[in-house]
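Observations on the three-dimensional arrangement
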Amino acid sequence: FKVGSLRHVLIYNFVSQIKSSHADKPKKEKENGYVRNTSPAVIKSEPEEDNGFYPSPQHIKTSKRECEYKPKKVKTEHDKKAKKRKHEYEEDEDEDIKPKKKTKDKKVTEGKKSKKEEEEKWKWWEEERYTDGSKWRFLEHKGPVFAPPYEPLPDKVKFYYDGKPMKLNPPAEEVATFFAKMLDHEYTTKDIFRKNFFKDWRKEMTSEEKSKITDLNKCNFSEMSEYFKAQSEARKQMSKEEKLKIKEENERILQEYGFCIMDNHKERIGNFRIEPPGLFRGRGDHPKMGMLKRRIRPEDIIINCSKDSKQPKPPPGTKWKEVRHDNKVTWLVSWTENIQGSIKYIMLNPSSRIKGEKDWQKYETARRLKKCVDRIRNQYREDWKSKEMRIRQRAVALYFIDKLALRAGNEKEEGETADTVGCCSLRVEHIKLYPKMDDQEYVVEFDFLGKDSIRYYNKIPVEKRVFKNLQLFLENKQPEDDLFDRLNTSILNKHLQELMDGLTAKVFRTYNASITLQQQLKELSCSDDSIPAKVLSYNRANRAVAILCNHQRAPPKTFEKSMQNLQTKIDEKQNQLSAARKQLKAAKADHKASHDDKSKKTVEVKRKAVQRIEEQLMKLQVQATDREENKQIALGTSKLNYLDPRISVAWYLCYAFTVTMIVQNEQEVS
DNA sequence: TGCACAACTTAGAAGCCACTTG
DNA sequence: CAAGTGGCTTCTAAGTTGTGCA
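What counts, and where the lines are drawn
- Residues numbered from 1 in each chain as written.
- Chains lettered and ligands numbered in written order.
- Predicted model: local features only at pLDDT ≥ 70, side-chain atom pairs only at ≥ 80, totals over all residues.
- Heavy atoms only, no water.
- Helix = DSSP H or I, 4+ residues; strand = E, 2+ residues; numbered from the N terminus.
- Axes fitted to C-alpha atoms, helices over the stretch in contact; angles between N-to-C directions.
- Parallel < 35°, antiparallel > 145°, perpendicular 65-115°, else oblique.
- Left-handed = near helix turned anticlockwise from the far one by under 90°.
- Contact = heavy atoms within 4.5 Å.
- Nonpolar A, V, L, I, M, F, W, Y, C, P; charged D, E, K, R; others polar.
- Pairing = 2+ DSSP bridges.
- Salt bridge = Lys/Arg side-chain N within 4 Å of Asp/Glu carboxyl O.
- Buried < 20%, exposed > 50% of the residue type's maximum accessible area, 1.4 Å probe, protein only.
- Near = heavy atom within 4 Å.
- Polar contact = N/O pair within 3.5 Å; in protein donor to acceptor, adjacent residues only side chain to side chain.

1. Looking at the environment of F259
Inspection of the secondary structure assignment puts F259 in strand β5 (residues 259–262). Separated by 25 residues in the primary sequence, F259 and A234 place their C-alpha atoms 32 Å from one another.

So this is what it looks like as C-alpha cells:
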C-alpha cells in the first residue's frame, strides 16, 4: 500500500508550500446591526476537562514540521520551456526532468510503433506544466453541434383540446411535444411542473391559441405520445444497415466536431453537442421544474479559441455572439442558459491533459493534507474551547466535514433551487441531539437533503465538547434558523487556507475518501482469496467510501427480479453440486472395487467436475452478496472523483498482480 | 464584507450497446 | 433470436471555489 513507491514514475511538482505562520491573528468581529437569533459572539469560560486523550504538544510539533516540509526541488517553469511545450514534445528528449530515464526507455520502444498510436499515448504527465496561469497556447476547434431543428408532426397526429382536435402552430406544437414525451414520467403529475410548463407554453402560442387553451387539464397529448412511442419502437426495429448508417453518421460528426487541437495535440471534447430545447427537470422539489429550456442559437454562442487558429464558422446565415481569445480559461464554447441564467460550457474530455493535470493536482493536495491532518485536527479540537462563538462554530463545522465528509454548504438563493443544504448551511431542524441513546452517549442525528436532494441520514456519537457546543448553538433558535449563524463557506475556506496552502473544505472529502479506500483494502484483503473474493473485497472497500460520501442511487427497476434470477441460478448450481458429489462418491466406490485405470480416471474426472461446480457456485454467491449490498449504493462517483487511482493500482500490484485480471477492463487500469 | 458572476468539479439518471442466456 | 443484463457513456443539473467590485 505504499503509494509513494510509485513515485518514480511520476513527476512531483509541489508548486506550493505551507505558509510559515499558523498563528491565529485574532480579528475583531464586525457586527452589522441586529440579527435575529444569532449566537452571542463571546462565550463565558467553562471548566476545563482535558482527558489527556489527545496527542501531546510534542506530537503536534512534529506534525507541524512535517507539514511545513519544503520539497527540495520546486520546479520553476521558464518561459522558454513553456513555449517549447507548444512546439514539440517529441523533441523534448533532453529535458532535465527527474523521471527522464524511464521516459527515454519508453520512447525507444515506442519508436517502433505507428505515429498515430504514439499520438494517442501522449504522456502529458511527463511534461512541464504552465505556471503563469495560462491554460494553453494554441486552441482550434470547429464549434458546437446544434440540436436538430424541430420537425413538425404529420397531420394525422392530433392534439385535442377539450375533446376537439386542434392544429398548433410549430412553436407551440414543439413545446407540446416536450410535454407529450414526458407523459409517462411522474414529473408531469406534479403541480409545480404543470404550472411552470403551462405558463411557458402559453408564451409560444399565437394569440388565437392563447385565448382558446386556458386549462392544461383539458389538453390531450396522448396521440402525440403514442406517436413518439411508435417512433422509438420503429427505431429499435430498424434493419442492421440502417443502424449502421446512423452509427457511421454519428462517427463522422464525432470526428469532425468531437476533437480540438490544443497545444499541438488532438484532444477529445467532452460535450460538443449543444443541449437541445426541452422542459427543465430539476432534482428534488425544484421550484422551476417544467419551465421551457430555450433552443440555443448561434447568436447565443461565445466561441473561445486562439487568435492564430482557424476560427469555427457559424451555420450559414448566422453569427456568433462573440469570438474571444482567452487562454486563462479551458472552455471552447459557452452560452447563457435561460432557467437559472447561469453559463454553460463546452470543455474537454476527462482524458485530456487539461482535466488530467487538474485531477492529479487534486490528489496531490489531498496527500499534503494527509501530512498535516493531525495538526489540523488538534487545532479544531482546541478551537472547540474558544471564547469566540465564530471560532467554535467553525471548529465544529470543520469536525463534521472531516468526520462525516459533509460538503461545504454554500448559501443558496431561496426560491431559485430545491431546498438543500451542506455543512455550513445546516439549519436547526436538520439535527437532533440525544444526550443518551441506547448504550451510547452524546448522539447527534442528522436528517437533511444534500446535493441533488439526496437524503443524508445518520446517527453518530460525538465527543462531549462537540455536543455541548451544539447545544449552545441551538439556544434561542427556531427550527428554520442556521445552526452555524456565524459561519459560511468563505469564512471556513479562508481559515483552511491559513492552515495549509490550497486547503479547502472539499479536500477533506477527497482525502477521507481515498484514505478510507486504502485502509479498507488493507483490512479486507486476504492474499489467499479467490479472484471473486478479491473482487468482492475491492467492491466492499469502494462501498465503504460511497457510504461515507453518501453516494446513493435509486435501486434499479429490475433489481428484485434480477436478484431472484440469480437466486434461482444458485439453487440450480447447488443441485448440480450435490448430483456431482454423488457421482464422485459412486466413482470412488467403483474404483475401490475394481482398482483399474479406467475407474481411476473416472474418479479424477468426477473430482474435477465437483471442483468446477463448487467454484461456479462460490462465484455466484459472491456475486449475489455484492449485488445485494450494492442495492442503493452508487460506486461510480467515488471511483471517478474521489479515489486516488494510485491506491487501486498499488493494491493491484502488490496484492493481486499474480492473478491475471482483477480489473477486467484495461481502460480502468490506464 | 457581501455580492454577483465565472469557471470548474461532482452528481445521479437515462440511454446505449455489447454480451449472455435460454 | 429475443429478452435480459450489466457496464459503460452521455447528459446536464447542482455543487464548490475563486475573483473582482462596490
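2. Here we look at the packing of helix α11 (residues 389–404) against helix α12 (residues 464–474)
Interaxial distance between α11 and α12 falls to 11 Å at its minimum, and their mutual angle equals 125 degrees. Looking at the two axes, α11 sits oblique to α12. For the pair α11 and α12, the crossing hand works out as left-handed. Here α11 contributes M389, R392, Q393, V396, Y399 and F400 to the contact with α12, which in turn contributes V466, N469, L470, L472 and F473. A breakdown of the residues in the contact of α11 with α12 according to their chemical character gives 8 nonpolar, 2 polar and 1 charged.

3. Describing the sheet that holds strand β6 (residues 265–268)
Hydrogen bonds between backbone groups are what pair the strands of a sheet, and the pairing can be parallel or antiparallel. If you trace the 3 strands from one edge of the open sheet to the other, you get β1-β5-β6, paired in antiparallel fashion. Both edges of this open sheet fall to β1 (139–140) and β6, since each of them pairs with a single strand only. Of the strand pairs in this sheet, β1 and β5 are connected by 2 bridges, and their pairing is antiparallel. The residue of β5 that forms the bridge with L139 is M262.

4. Examining the sheet that holds strand β2 (residues 159–161)
Ordered in space as β3-β2-β4, the 3 strands form an open sheet in which the pairing is antiparallel. Across the chains shown, the open sheet's two edge strands, defined by having one partner strand only, are β3 (164–166) and β4 (219–220). With 3 bridges joining them, β2 and β3 adopt antiparallel strand pairing. Bridge pairing in β3 places Y161 opposite K164.

5. Observations regarding the pattern of salt bridges
With the rule as written, the count across this model stands at 40 salt bridges. As a salt-bridge pair, D452 and R283 come within 3.4 Å of each other at their nearest N and O atoms. You can see D452 sitting in the loop between β14 (440–449) and β15 (455–461) and its partner R283 sitting in the loop between β7 (278–279) and β8 (292–293), a full 169 residues away along the chain. Under the relative-accessibility criterion, R283 is labelled exposed at 54%. One salt bridge in this structure joins E382 and K385, with 3.2 Å as the shortest N-O distance. Given a relative accessible area of 48%, E382 falls into the partly exposed group. It is possible to trace a salt-bridge network through shared partners that takes in K142, E249, R252 and E256.

6. Remarks on the protein's contact with DNA strand B
Residues in close proximity to DNA strand B total 30 residues, the closest being K355, K451, R509, T637 and Y642. The contact atoms of DNA strand B, taken as those within 4 Å of the protein, divide so that sugar and phosphate hold 85%. One nitrogen or oxygen atom from the side chain of R509 is found 2.7 Å from a phosphate oxygen belonging to DNA strand B. Between DNA strand B and Y642 there is a distance of 3.0 Å, counted from a phosphate oxygen to a side-chain nitrogen or oxygen. Where the surface near DNA strand B is concerned, the elements lending two or more residues are β12 (343–346), α10 (353–383), α14 (505–524) and α18 (636–641). Among the elements that make up the surface near DNA strand B, the one with the highest residue count is α10 (3 residues). Taken together, the residues that form the surface near DNA strand B break down as 8 nonpolar, 8 polar and 14 charged.

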